[in-house]
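Per-entry structural report
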Amino acid sequence: MENFKIDVDADGIALITFDVPGRSMNTLTSGVMKEIPEWVERVKTDDAIKGVVLTSGKASGFCAGADLGDMAGGMLAGGSLQEAYDAGWKLNGALRALETCGKPVAAAINGLALGGGLELTLACHYRVVGDSPKIQLGLPEIKVGLFPGGGGTQRLPRLIGVQAAMMAMTEGKSFRPNDAKGAGFIHEVVPVGTEVEAAKAWIKGGGKAVQPWDDKSFKLPGGGPYHPVGVQNFIVGNAMIRKQTYGNYPAATNLMSAVYEGMQVPMDAALRIETRYFIKTLMTPQAQGMIRSLFLSKQELDKGAVRPAGVPKSDPKKVTVLGAGMMGAGIAYVQALAGIETILIDQTQDAADKGKAHVEELLKKRLSRGQITQDKFDALLASVTATTDYEHIKGSDLVIEAVFENREIKAEVTKRAEAQLEPGAIFGSNTSTLPITGLAEASVRPEDFIGIHFFSPVDKMMLVEIILGEKTGEAAIAKSLDYILKIKKTPIVVNDGRGFYTSRCFATYVAEGLAMLQEGYAPALIDNIGRMTGMPRGPLEMHDDVALDLSVKVAKQTAIDLGDKYVPLQGAEIVRTMVEDLGRYGRKNGKGFYDYDTKPKTLWKGLSDLVPVTINDSTPELVEDQKRRLLYRQAVEVAKCWEEGVIDDPREADVGAILAWGFAPWTGGPITYIDQIGLKAFVEQADKYAAQYGDRFTPPQLLRDMAAKGETFYGNFEGKKAAA
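Reference entry: report on the structure contained in this document.

Calculation notes
- Residues numbered from 1 in each chain as written.
- Predicted model: local features only at pLDDT ≥ 70, side-chain atom pairs only at ≥ 80, totals over all residues.
- Heavy atoms only, no water.
- Pairing = 2+ DSSP bridges.
- Helix = DSSP H or I, 4+ residues; strand = E, 2+ residues; numbered from the N terminus.
- Axes fitted to C-alpha atoms, helices over the stretch in contact; angles between N-to-C directions.
- Contact = heavy atoms within 4.5 Å.
- Salt bridge = Lys/Arg side-chain N within 4 Å of Asp/Glu carboxyl O.
- Buried < 20%, exposed > 50% of the residue type's maximum accessible area, 1.4 Å probe, protein only.
- Polar contact = N/O pair within 3.5 Å; in protein donor to acceptor, adjacent residues only side chain to side chain.
- Lys, Arg positive; Asp, Glu negative; His and termini not counted.
- Parallel < 35°, antiparallel > 145°, perpendicular 65-115°, else oblique.
- Left-handed = near helix turned anticlockwise from the far one by under 90°.
- Nonpolar A, V, L, I, M, F, W, Y, C, P; charged D, E, K, R; others polar.
- Phe/Tyr/Trp six-rings, centres within 6.5 Å; stacked < 30°, edge-to-face > 60°.
- Lys NZ or Arg CZ within 6 Å of the ring centre and 35° of its normal.

Quick word on the sheet that holds strand 7 (residues 137–138)
Taken in spatial order, the 3 strands make up an open sheet running 5-7-8, and their pairing is mixed. Edge strands, defined here as strands with exactly one partner in the open sheet, are strand 5 (113–114) and strand 8 (174–175).

Right under this line is the structure:
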């Protein structure tokens, strides 16, 4: 076997080492899935084997789960449901054979075990894990539109109860070793490096070769569907899932069905139920879109898929951040974590010190969780220098400007910083809306000037948008990508334009919410519909989050720049009135569309005086239509960006939309959304909305041409890759 090595010791204990060649981390590839039944059969039939310890040969962890591209291709390649089911049953059947082999099997978990990796260990009779805060154990499949399909939906509830298991699986929650032991699915936490020794000791000590659910006296913790207490898990759980997903994620509903039905039958039948629901879920457009965007495409971008070829690899050691506000301090924090010496500059020492204090606050959280030691904390904090002195910039590989969205201020700090930079160093602007080509006019080295747009809060938001000016060189692109990959963020590269890609398209969501407000829709109805689309928040509350006064500032700068060509977004006058006349800036000052002086926040009562409500009631038909309206408005803008050349890679468009502004993840992103609807059907509906609501919905000619040819974005992209 290529992926597993078996060594039988003098006590008859077989040490099975999981080690996929050529990979930094073990995953369940098609080759691994083929070999698991082979070694399980040997364990069952080889009389010399008295017990088994399963461990990993990788220092990086035990197993990160299924290779989703490999798995999806294999299960769906045959085309028929029976063939897909048979492919899905291979793992479940093999793991069931392992736990009923009559010999004690222990898992020595010497690193993270996620998804199928954890499910592999749940089929063992005993689980030992190393005591390290870096180790994560969990079933996160729901995050890519799936649910556990290797027995997890049946074994975890039988170990820790339906309620705890459903919460863990629907949230995709990860556990640290001691938390997992406390929850009840890990038996023993031991010093790192002694996992195999402890597992063997359990076997030698008479470890029982029977799973709890195969014991005649077994009772499901907390009760099952027909238990007076257990039934509440499903009644309440069903409501909770609806509240969390609004029906957008088939995986969550199918997960509950698999648990509900599986808890009523013996394990063999339960696993077959799970497999059927898993295949059903895998075949949904939601799962296929999410797997492609949130796993495969994101993985490709995280590995530098769009990095220019032929440019030598760089490794930034020192980076300066101009502006020590929340954004600049957040950037400084992620740089420090990546081992980059950081200079944090602001106008006053007090402002710079406040920025470093924010870095310290974030580091303290990591220290309290055991993620870093005190020595590491001290070293990371010492790597950040807070100052007002631009002389400290000398020796920097990169400067990131994160000052106010004002062209004059940005031009001033650009000139001051570039005076300290050596040839080949890069200057990046963190602007969210101002065109990079225009900002680069203040630079004496425009080929090294680039947009590096972070999202707030930087420590949590995983995307960084790189924006190219007209004169930006390939070396600047490559070095910027090297930097972003070093700080462990996901990059997308877009061309210049007002608002670039993410800010421009996000603005259409909040603007369409304001258009609905102008049409007389009740504010609560607008935001509820927004959440029901799968967006993280409604348009009005999201506008509060990003700050109403910022929208006004951006609008004023845009009006100055565009002159007679400026067309205000829907509801711009409402926002201007709220900011300039009423002092309502959004969440930042506790007053926006909502009031924040109470918990939970409440809608501002004066809003109905400012914009009268005429539509207060809804119907299922109205809700579905307005949900589609909000998604179409964003998707049309994405298509316009594509036609204008702002973005040209469907992977970047989809991943960027989901990670940057939260475009409904269940769609797989706006490009996948258009492709799955079909270009012809999408154009027809967009035209209907254009006639009803305005030209902003008019699809670009690009979509009409593609519809006429029967094309799709991903089809064209794959065709270009194949031709190349």
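So, next bit.
Here we look at the sheet that holds strand 11 (residues 341–345)
The sheet built from 8 strands is open, its strands ordered 12-11-10-13-14-15-16-17 with mixed pairing. Each end of this open sheet is capped by a strand with a single partner; those strands are strand 12 (384–387) and strand 17 (490–495). Within this sheet the neighbouring strands show an average axis-to-axis angle of 25°, counted without direction. Looking at chain direction, strand 14 (residues 426–429) and strand 15 (residues 449–453) are connected through 3 bridges and run parallel. Looking at the pairing, Phe 427 lines up with Phe 449 of strand 15. The strands touched by helix 13 (residues 326–337) are strand 10 (318–322), strand 11, strand 12 and strand 13 (398–401); relative to strand 11, the strand with the most contacts, the crossing angle is about 170°.

Brief notes about the pattern of salt bridges
If you walk through the whole model with that rule in mind, you get 49 salt bridges. Across the pair Arg 628 and Asp 625 runs a salt bridge, and its minimum N-O distance is 3.3 Å. Residue Arg 628 and its partner Asp 625 are both found in helix 25 (residues 620–643); the two are separated by 3 residues, about one turn of the helix. Note that Asp 687 and Arg 704 form a salt bridge whose closest N and O atoms lie 2.8 Å from each other. A residue pair is termed long-range when its members are at least 10 positions apart, and Asp 687 in helix 28 (residues 679–693) and Arg 704 in helix 29 (residues 701–709) qualify at 17 residues. Put simply, Arg 504, Glu 512, Glu 519, Arg 629, Arg 633, Glu 637, Glu 644 and Arg 696 are held in one network by salt bridges that share partners.

Details of the environment of Thr 598
Along the chain, the position of Thr 598 falls in the loop between strand 18 (594–595) and strand 19 (602–603). Given a relative accessible area of 36%, Thr 598 falls into the partly exposed group. A distance of 3.3 Å separates the side chain of Thr 598 from the backbone oxygen of Pro 600, its partner in a polar contact.

Some words on helix 21 (residues 539–546)
Quick reminder: α-helices carry 3.6 residues per turn. Residues three or four places apart thus point the same way. With respect to burial, helix 21 is a largely interior element, 6 of its 8 residues being buried. Within helix 21, burial applies to Pro 539, Leu 540, Glu 541, Met 542, His 543 and Asp 544. Just downstream of helix 21 lies Ala 547, where phi reads positive at about 95°.

What to know about the environment of His 543
Checked against the element boundaries, His 543 lands in helix 21. Along the sequence, His 543 and Leu 514 sit 29 residues apart, while their C-alpha atoms lie 9.6 Å from each other. Apart from residues lying up to four places away in sequence, His 543 is in contact with Val 510, Leu 514, Leu 548, Ser 551, Val 575 and Phe 593. Only 2.8 Å separates the side chain of His 543 from the side chain of Ser 551, close enough to count as a polar contact.

Re the side chain of Glu 418
Checked against the element boundaries, Glu 418 lands in helix 16 (residues 407–418). For the buried Glu 418, no salt bridge exists, and the shortest N-O distance to an oppositely charged side chain is 4.6 Å, to Arg 445. Residues within four places of Glu 418 in sequence aside, it is in contact with Phe 427, Ala 442, Ser 443, Val 444, Arg 445 and Phe 449.

What to know about unusual backbone geometry
Working note: non-glycine residues mostly have negative phi, and peptide bonds are mostly trans. Note the cis peptide between Ser 456 and Pro 457, where omega equals -5°. You can see Pro 457 is positioned in the loop between strand 15 and strand 16 (463–468). The peptide bond linking Lys 599 to Pro 600 adopts the cis configuration, its omega dihedral lying at -5°. Position of Pro 600 among the secondary structure elements: in the loop between strand 18 and strand 19. The phi angle at Lys 488 is positive, at roughly 60°, despite the residue not being glycine. Residue placement: Lys 488 occurs in the loop between helix 18 (474–486) and strand 17. Residues other than glycine seldom take positive phi values, yet Ala 547 does so here, at roughly 95°. Structurally, the position occupied by Ala 547 is in the loop between helix 21 and helix 22 (548–562).

Some details on the packing of helix 6 (residues 162–171) against helix 10 (residues 250–262)
Direction vectors running N to C along helix 6 and helix 10 enclose 155°, while the axes themselves pass 11 Å from each other. Taken together, the axes of helix 6 and helix 10 are roughly antiparallel relative to one another. Here helix 6 runs over helix 10; the crossing is right-handed. Two secondary-structure elements touch here, helix 6 through Val 162, Met 166, Met 169 and Thr 170 and helix 10 through Leu 255, Met 256 and Val 259. Of the residues contributing to the contact of helix 6 with helix 10, the split by class is 6 nonpolar, 1 polar and no charged.

What to know about the packing of aromatic side chains
If you walk through the whole model with that rule in mind, you get 20 aromatic pairs. Ring geometry for Phe 18 versus Phe 62: centroids 6.4 Å apart, planes at 80°, classification edge-to-face. Pair noted here: Phe 18 is in strand 2 (residues 13–18) and Phe 62 is in the loop between strand 3 (51–56) and helix 2 (68–76), with a separation of 44 residues, a long-range link. For the pair Phe 18 and Phe 62, one class covers both residues: buried. With centroids separated by 6.5 Å and ring planes inclined at 75°, the aromatic side chains of Trp 661 and Phe 663 adopt a geometry described as edge-to-face. You'll find Trp 661 and Phe 663 in the same group, each marked buried. An aromatic cluster is built from Tyr 501, Tyr 632, Trp 661, Phe 663, Trp 666, Tyr 673, Phe 682, Tyr 689, Tyr 693 and Phe 697, whose rings are joined through pairwise contacts. Note that Arg 272 overlies the ring of Trp 89, its terminal NZ or CZ placed 4.1 Å from the centroid.

The values are spatial; any link to function lies outside them.
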